[in-house]
Structure formats: C-alpha cells, structure tokens
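Structural features, examined
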Amino acid sequence: MVPVRFGNKELTARELKSDRKACRRVGPCGLGDKAMYLNSFFLDRRMYVCYEDIDRVYKRIAMSAGGFSGRGVFGTIPYLVVRLKDGRSRQCNFKAEQDVDALMRWIRENHPEIHLYTKEAEERMKAEALAEKAKEKKDLSPSAAEGKAHLEDDLAFIERHPEISDQLRWTVAEKRRIDHISMGSRVIMGTIFLVGIAGIALGLYNMFSGRSYGIWEILFGVAFMFYAAASQILPLGKNTPAAADAAWKEAVRAARECVKAKGDFFLPAQYADPIVIQRMIKTIVMGRAENMDEALEVVKEDLKALNSGVSVSQEEHDEVAAIKPLFMECGYENELGW
C-alpha cells in the first residue's frame, strides 16, 4: 500500500518506494532518508511527511492507574506527536515508550533542526535552567567536585550504550504491568477466550451440518479470541509473570556486563540510566549532596516523595515515569540478592 502524503512536500513514486523500503522501522513509524513515516489508527507507516515540513516532534504520555505511588501498574501509554510548520499535527500511538525514545534520539542525531519539545515546554525549561543555574554552588568541595566529575564520565559512558537503559525501562514496565494484573481480569479474559473457542467449534459443527449461519459463529468466535489475546491480560507467551521476571533479570544481567567494561561505574547496574545520573549530578551542584553515595540517596528520597498527590511538570513526569519503576521494583535497594 502506497503511503499517503501528510506534509506539503511530495515525493515522486520512485523516491517514495525506495525510501520507504529502506527506512528504519521504529514501532509503527519509520525513518527514511527523505521522509518520516507515520501510522494511522490501524496501519503502520500509512503516511509520510518530509523532514523539511516538520517543525516539532515530541513525546506525550498518558499514565495508567497507580500514579507515582507503589500501588497499581505505574504503566504509561506513549504517543508521538508530529507538528508541521503549517500548524497541522498528528498523534501516533506506540506500544513501547522505548520506541518513542529511540525515534526521538534518531531525530536529535540526524535532524537537529527539528524541535523535540513543545514551544511552551522549551520556554519553561529555559526558565527552569536559569533558576537552577542561579542556585548552583559556585565553589564545590573537593569530594563534591570529584563525585561530579566521576558521574559526568559515567553519564558519557552510558549514553554511548542507550540500549541498556532502554531495555531496563521496557522490561521493568512490562514486569510491573503483568505482576499487577488482577486475578479477576484474568478470569474475565479467560472466559471470553473460551467463549471464542466454543463459538468456533459450534460454528464448524453447524457449517458442516449445512447451516449457513455457522460461518458467522466462527467469525464471532475468532473475534472473541483475538480480543482476549490482544488484551495482553491472558498469561500466554511473554505475558506470564515468569517470562516477565526472566526478561527483567536478563536486562539487569546485560547491564551488569556492560558497566563492568568501564570498571569504575558507580551506580548499581539496575539503575544504569542517564536520567538517574543527571539527577545525581544536579543534587551535587545544587549543594544537596557532597559525594556520589549521598547523591544516590537524595535521588531515592526525591522519588519516594513523588506520589499521586504531587503535581509536577510534564518534563519531570517523563523523567520520573522512566526511572521510578526501576527503584520501586528493587525496593530502592542497591543489592538485589540474585
């Protein structure tokens, strides 16, 4: 199916075919040399927009039940918003937030002229940066300066391995989602799945018995089965608690192997995320911590204090939504015992 033009600039049929075929697929979207490919509600990479037409590409998050507290899934529903220079915009829904992050990282590296935040967010971030700059300690103690330099080195290292933090975020979010599915929800979806099987069996019996309505019973049965399977509630395949736990432990193991190569990486592997390090550096330069150990404890306390009753900016929410599940899953402990 030929993608539909969304922007103003149009590619020739030949350019569009070769560009779409060679594009890098990221979730339901695609990144070609000439254009970005966006999904419709049902179809992946259904539309295209040339980079020259794009003004902003930014992430939007809808949070599920549970908020910042320890209760609930603490899952997020990620969206990508593409805003054109003529004011039009399109929102693309993603299943995995790590895909949105990977897409935006590619845009940042390959098209720095495209803004990655809303105009309001950019202005707010500039104001916050100036306010924080004014609060920074002018003269750090030797231990604070040493900790800051070490963390900056760790940050540069982990930013060269984005797959580590992406996998940690994804697997812990999936583990928490699956672990918090109630038994009642599983029973309801299991019942729907069984009704679907029964509908297919009855439809086959009636169809072979010469009753024309058997085909409709089969179709309804298939629809029930697909609905139950697509809900990701049934304990099938990767949606079982055991599979989610194994995936999380594998992500932590991979993180351990990665940071071991540096030798003096400070953070426990399960917290090896750029956002964690950035927040630690901020606590040191703001005078809230004198060394790396204190900085990590301050970050933990800050995350614990953020619950469903606390109002934060969208940028702060994005950061917390990315890293707090890592700490919650580990009980804020540095040693996991496995």
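Residues numbered from 1 in each chain as written. Predicted model: local features only at pLDDT ≥ 70, side-chain atom pairs only at ≥ 80, totals over all residues. Heavy atoms only, no water.

1. Section: the packing of helix H2 (residues 97–110) against helix H5 (residues 162–179)
Test applied: Interaxial angles span 0 to 180 degrees and are taken between N-to-C directions of axes, which are lines fitted to C-alpha atoms, for helices over the stretch in contact. The helix and strand labels rest on DSSP assignments: H or I over at least four residues marks a helix, E over at least two residues marks a strand, and numbering proceeds from the N terminus. Roughly parallel means an angle under 35 degrees; roughly antiparallel means over 145; roughly perpendicular covers 65 to 115; every other angle is labelled oblique. By definition, any crossing whose near helix is turned counterclockwise from its far helix by less than a right angle is left-handed, and any crossing with a clockwise turn is right-handed. Contact definition: two residues touch when any of their heavy atoms are within 4.5 Å. Three classes are used: nonpolar for Ala, Val, Leu, Ile, Met, Phe, Trp, Tyr, Cys and Pro, charged for Asp, Glu, Lys and Arg, and polar for all others, with Gly counted as polar.
Two numbers describe how H2 lies on H5: the axes approach to 10 Å, and their chain directions differ by 155 degrees. In terms of their interaxial angle, H2 and H5 are classed as roughly antiparallel. Here the hand of the crossing between H2 and H5 comes out right-handed. Between H2 and H5, the residues in contact are Gln98, Asp101 and Arg105 and Pro162, Asp166, Gln167, Arg169 and Trp170, respectively. Residues that form the contact of H2 with H5 fall into these classes: 2 nonpolar, 2 polar and 4 charged.

2. Looking at the packing of aromatic side chains
Rule in force here: Each Phe, Tyr or Trp ring, with Trp reduced to its six-membered ring, pairs with another whose centre is within 6.5 Å; inter-plane angles below 30 degrees give stacked pairs, above 60 give edge-to-face pairs, and intermediate values give tilted ones. The rule is simple: take the accessible area with a 1.4 Å probe, protein chains only, and divide by the maximum for that residue type; under 20% is buried, over 50% is exposed, in between is partly exposed. As a reminder, the over-ring test applies to NZ of lysine and CZ of arginine, requiring each to be within 6 Å of the ring centre and within 35 degrees of the ring normal.
Throughout the structure, instances matching the rule amount to 6 aromatic pairs. Taking 6.1 Å as the distance between ring centres and 55 degrees as the angle between the ring planes, the aromatic pair formed by phenylalanine 157 and phenylalanine 265 counts as tilted. Of this pair, phenylalanine 157 sits in helix H4 (residues 142–159) while phenylalanine 265 is found in the loop between helix H8 (241–260) and helix H9 (274–285), placing the two residues 108 residues apart along the sequence. Among the residues examined, phenylalanine 157 registers a relative accessible area of 8% and is labelled buried. Directly above the ring of phenylalanine 6 sits arginine 88, whose terminal nitrogen or CZ lies 5.2 Å from the centroid.

3. Quick notes on the environment of phenylalanine 226
With respect to the helices, strands and loops of the structure, phenylalanine 226 is situated in helix H7 (residues 214–230). As a C-alpha pair, phenylalanine 226 and alanine 35 span 191 residues in sequence and 33 Å in three-dimensional space.

4. Considerations on the pattern of salt bridges
Heads up, the rule is: The salt bridge criterion pairs a side-chain nitrogen of Lys or Arg with a carboxyl oxygen of Asp or Glu, the two atoms within 4 Å.
Summed over all chains, the structure comprises 26 salt bridges. Note that aspartate 101 and arginine 169 form a salt bridge whose closest N and O atoms lie 3.3 Å from each other. In this pair, aspartate 101 is assigned in helix H2 and arginine 169 in helix H5, connecting sequence segments 68 residues apart. The pair aspartate 101 / arginine 169 is uniform in exposure class, with both members buried. Residues lysine 260 and glutamate 257 are paired through a salt bridge, measuring 3.5 Å at the closest nitrogen-oxygen approach. Placement of both lysine 260 and glutamate 257 in helix H8 is noted, with a separation of 3 residues, approximately one turn of the helix.

5. Looking at unusual backbone geometry
Positive phi, close to 60 degrees, is recorded for glutamine 232, a residue that is not glycine. Looking at the element boundaries, glutamine 232 is found in the loop between H7 and H8. Of note, tyrosine 332 is a non-glycine position whose phi angle comes to about 65 degrees, a positive value. Along the chain, the position of tyrosine 332 falls in the segment after helix H11 (314–329).

6. Some points on the sheet that holds strand E4 (residues 35–38)
Spelled out, the test is: One requirement defines pairing of two strands: DSSP has to find at least two bridges between them.
Overall, mixed pairing links the 5 strands, which are arranged E1-E5-E4-E3-E2 in an open sheet. Bordering the open sheet on either side are strand E1 (4–5) and strand E2 (24–26), each of which pairs with just one other strand. Here E4 runs beside strand E5 (residues 47–50); their pairing, made up of 4 bridges, is antiparallel. Along E5, the bridge assignment pairs tyrosine 37 with tyrosine 48. Where helix H1 (residues 13–22) meets the sheet, it contacts E2, E4 and E5, and its direction lies at approximately 70 degrees from that of E4.

7. Looking at the side chain of aspartate 166
On the secondary structure map, aspartate 166 appears in helix H5. Apart from residues lying up to four places away in sequence, aspartate 166 is in contact with Gln98 and Arg105.

8. Considering a nonpolar patch on the surface
For clarity, the cut-off: Residues enter patches when they are more than 30% accessible in relative terms and free of salt bridges; like-charged ones are connected within 9 Å and nonpolar ones (Val, Leu, Ile, Met, Phe, Trp, Tyr) within 5 Å. Accessible surface area values rest on a Shrake-Rupley calculation with a 1.4 Å probe, where residue burial reflects the displayed protein chains alone.
Where nonpolar side chains cluster on the molecular surface, the patch consists of Val195, Leu204, Met207, Phe208, Tyr213, Ile215, Trp216, Leu219, Phe220 and Phe224 and spans about 1000 Å² of accessible area. Elements supplying a minimum of two residues to the nonpolar patch: helix H6 (183–208) and H7. Counting residues per element, the nonpolar patch draws most heavily on H7, which supplies 5 residues. Mapped onto the elements, tryptophan 216 comes out in helix H7. A relative accessible area of 55% means that tryptophan 216 is categorised as exposed.

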